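So you can see what is in the structure, the chains are spelled out below.
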Amino acid sequence: MGRQSAFVREDTVRSARDVFWSEGYEGASMASLQRATGLNASSIYHAFGSKRGLFDAAIEDYLERVVRPGLAPLRAPEVAPDALERYFLAARALFADPSGRTLSDGCLLVNTACSGLARDDGIAEAVRAYRAELLAAFTRGVQARRPDQSPQERAQLVETCVALLISALVMTRVDRDAATAAIDSALTALQNQEQGHP
């Protein structure tokens, strides 16, 4: 694939990703995907095989461009003790930003997990892999923050933080205050652990 063709493909995937993110897989019509990408249906099918093929590419783009950059400080060779708290503070800012995508559209993967498409084995595996990435990154963040805790205590804190983040991503489209409260609860859990509270 030539460099220009690669750029065209990236732009196509990113434009389609935004449609799927706001409308969901089932709600995204071929007409809306054609408008967003500037391609006709035959070009989309030729490049991606199907609407589902385009969606799979959009999921991978979402992970690479939206999810993983935020997790990068938690996946670095050296993780700062406050890296996980900074992650949640950044998430809180996203949830509070009325002009941002997170407030209005939530998380593409969490939205998909709540749809009928979640019954598809490939999608279910992608969602499980997303949660596993969160768990691995948050585990490193908790280890850096509380190396004195037992593995069981750290694992419990990690699970709490992951669950609260996913709760916030579920709620943001319907109740911004509830989403923000979930993020605040994660921050409180991290701060209480820092202060040695149970």
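Placed above this text is the structure.
Note that the structure is a prediction, hence the values are computed from the model and not measured.

Caption draft 1: Examining the overall build of the chain more closely. Within the chain, the regular secondary structure consists of ten helices and zero strands. Written out in order from the N terminus, the α and β elements of the chain read α-α-α-α-α-α-α-α-α-α. When its C-alpha atoms are laid out on the principal axes, the chain stretches across 60 × 35 × 30 Å. Taking all 198 residues of the chain together, the buried fraction comes to 41%. Summing over all exposed atoms, the chain offers an accessible surface of approximately 10100 Å²; the carbon and sulfur share of this is 53%. Taken as two groups, the 22 positive and 25 negative side-chain charges of the chain have centres that lie 3 Å from each other.

Caption draft 2: How the structure looks around the environment of Asp-175. By the secondary structure assignment, Asp-175 is in the loop between helix 9 (151–171) and helix 10 (176–194). A relative accessible area of 32% means that Asp-175 is categorised as partly exposed.

Caption draft 3: Representation of the packing of helix 2 (residues 30–37) against helix 3 (residues 41–48). Here helix 2 crosses helix 3 at 85°, and the two axes come no closer than 10 Å. Taken together, helix 2 and helix 3 sit at an angle that is classed as roughly perpendicular. Here Met-30, Leu-33, Gln-34 and Thr-37 of helix 2 lie close against helix 3, whose contacting residues are Ala-41, Ile-44 and Tyr-45.

Caption draft 4: Here's a closer look at helix 9. Helix length check: helix 9 (21 residues) gives 30 Å between terminal C-alpha atoms against 30 Å at 1.5 Å per residue, within 8%. Within the sequence span of helix 9, burial applies to Arg-154, Leu-157, Val-158, Cys-161, Val-162, Leu-165, Ala-168 and Leu-169. Down the axis of helix 9, the sector holding all buried residues measures 130°, keeping them to one side. Every exposed residue of helix 9 that faces more than 90 degrees away from the buried side is listed here: Gln-152 and Gln-156.

Caption draft 5: Structural view of the packing of aromatic side chains. One pass over the structure, following the stated rule, counts seven aromatic pairs. For the pair Phe-20 and Tyr-25, a centre-to-centre distance of 6.0 Å together with 20° between the ring planes defines the contact as stacked. For Tyr-25, a relative accessible area of 18% puts it in the buried group. Plain terms: the ring middles of Tyr-87 and Phe-138 are 5.3 Å apart, the flat faces sit at 70° to each other, and that makes the pair edge-to-face. Taken together, the residues Tyr-87 in helix 5 (residues 83–96) and Phe-138 in helix 8 (residues 121–145) connect sequence positions 51 residues apart. Across this residue pair, the class does not change: Tyr-87 and Phe-138 are buried.

The rules behind these values
- Residues numbered from 1 in each chain as written.
- Predicted model: local features only at pLDDT ≥ 70, side-chain atom pairs only at ≥ 80, totals over all residues.
- Heavy atoms only, no water.
- Helix = DSSP H or I, 4+ residues; strand = E, 2+ residues; numbered from the N terminus.
- Buried < 20%, exposed > 50% of the residue type's maximum accessible area, 1.4 Å probe, protein only.
- Areas by Shrake-Rupley, 256 points an atom, 1.4 Å probe, with all protein chains shown as cover.
- Lys, Arg positive; Asp, Glu negative; His and termini not counted.
- Charge placed at Lys NZ, Arg CZ, Asp CG, Glu CD.
- Axes fitted to C-alpha atoms, helices over the stretch in contact; angles between N-to-C directions.
- Parallel < 35°, antiparallel > 145°, perpendicular 65-115°, else oblique.
- Contact = heavy atoms within 4.5 Å.
- Expected span 1.5 Å × (residues − 1).
- Arc of directions from axis to C-beta.
- Phe/Tyr/Trp six-rings, centres within 6.5 Å; stacked < 30°, edge-to-face > 60°.

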